[in-house]
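These are the residues of each chain, in order.
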Amino acid sequence: MGQIALDLQSDLFVLPAPVVAPQITLAEALRQRRSVRAFSAETVPAEALSALLWAAFGINRPSTRHRTAPSARNWQEIDVFVVLAQGSYRFDAHNHRLDLVKAEDLRAATGTQDFVGEAPVNLVYVANFDCMNGATAEERHFLAGADAGCIAQNVYLYCAGAGLATVVRGLVDRRQLAHDLGLRPTQRIVLAQTVGWPAA
């Protein structure tokens, strides 16, 4: 239930080319933007996941490798981890692919609410402080939070246009999830965000 068909024989999965069709206007997406905490177990197709991740923090200017969300000093310090029933992956925006991190179901570890363990997709926004050269400890936390918030809003707007449900979440056992994902001490979990189809 709630799985996305990925090739588990490989440590990476090249996503389909992202197609973000203009199903509704930006004004309508803003009107429809909302947080939802009840999700269907229906799968999210790989094509929709591809478009979702591109909208979140993909490459929109290949010549400069700039992204769909702003980043303080262009550090691009946020990594998007994609936690699915069949495994956890890091989104490689430059190659538009998923790199396997753990081949196990860690969805329930991405938050403290019951629904996170059953929803098909949980995104985890992880700041890599090693990228944030010249920033103080306070600036790292503040700016990484701002950058992750921009990514989360992109996800909200994409979901509003695609008929998907989403909610951004701060209630995460960060220490346990960091351990489960094998993060380094300089990688910090900022936010998580659940995505799926709304419950009927």
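One structure accompanies this document, and this report is about it. Nothing here was measured: the structure is a model prediction, and the numbers come from that model. (Residues numbered from 1 in each chain as written. Predicted model: local features only at pLDDT ≥ 70, side-chain atom pairs only at ≥ 80, totals over all residues. Heavy atoms only, no water.)

**Quick notes on the packing of aromatic side chains**
The full count for this structure, using the stated rule, is one aromatic pair. Measuring from centroid to centroid gives 5.7 Å for Phe 39 and Phe 115, while their planes differ by 35°, and the two rings are tilted. Here Phe 39, found in the loop between helix H1 (26-32) and helix H2 (46-57), pairs with Phe 115, found in the loop between strand E6 (97-102) and strand E7 (121-128); they are 76 residues apart in sequence, far enough to count as distant. This pair shows no difference in class: Phe 39 is buried, exactly as Phe 115 is. Looking at Arg 33, its charged tip hangs above the ring of Tyr 156, at a distance of 4.6 Å from the centre. (Phe/Tyr/Trp six-rings, centres within 6.5 Å; stacked < 30°, edge-to-face > 60°. Helix = DSSP H or I, 4+ residues; strand = E, 2+ residues; numbered from the N terminus. Buried < 20%, exposed > 50% of the residue type's maximum accessible area, 1.4 Å probe, protein only. Lys NZ or Arg CZ within 6 Å of the ring centre and 35° of its normal.)

**Re the nonpolar core**
Here is a general trend for soluble globular proteins: nonpolar side chains tend to be buried in one another's company. By size, the foremost hydrophobic cluster in this structure holds 44 residues, and its most contacted members are Leu 53, Ile 78, Val 82, Leu 98, Leu 123 and Tyr 125. Mapped onto this core, the elements with two or more residues apiece are H2, strand E4 (78-84), strand E5 (87-92), E7, helix H3 (137-162) and strand E9 (187-196). Among the elements that take part in this core, H2 stands out by supplying nine residues, more than any other. In contact with Val 82, not counting residues within four places along its chain, are Leu 49, Leu 53, Gly 87, Ser 88, Tyr 89, Phe 91, Leu 98, Val 121, Asn 122 and Leu 123. Counting 12 residues, the second-largest nonpolar core is a separate cluster that includes Leu 106, Val 124, Val 126 and Ala 178. (Core = buried A, V, L, I, M, F, W, Y, C linked by side-chain atoms within 4.5 Å. Contact = heavy atoms within 4.5 Å.)

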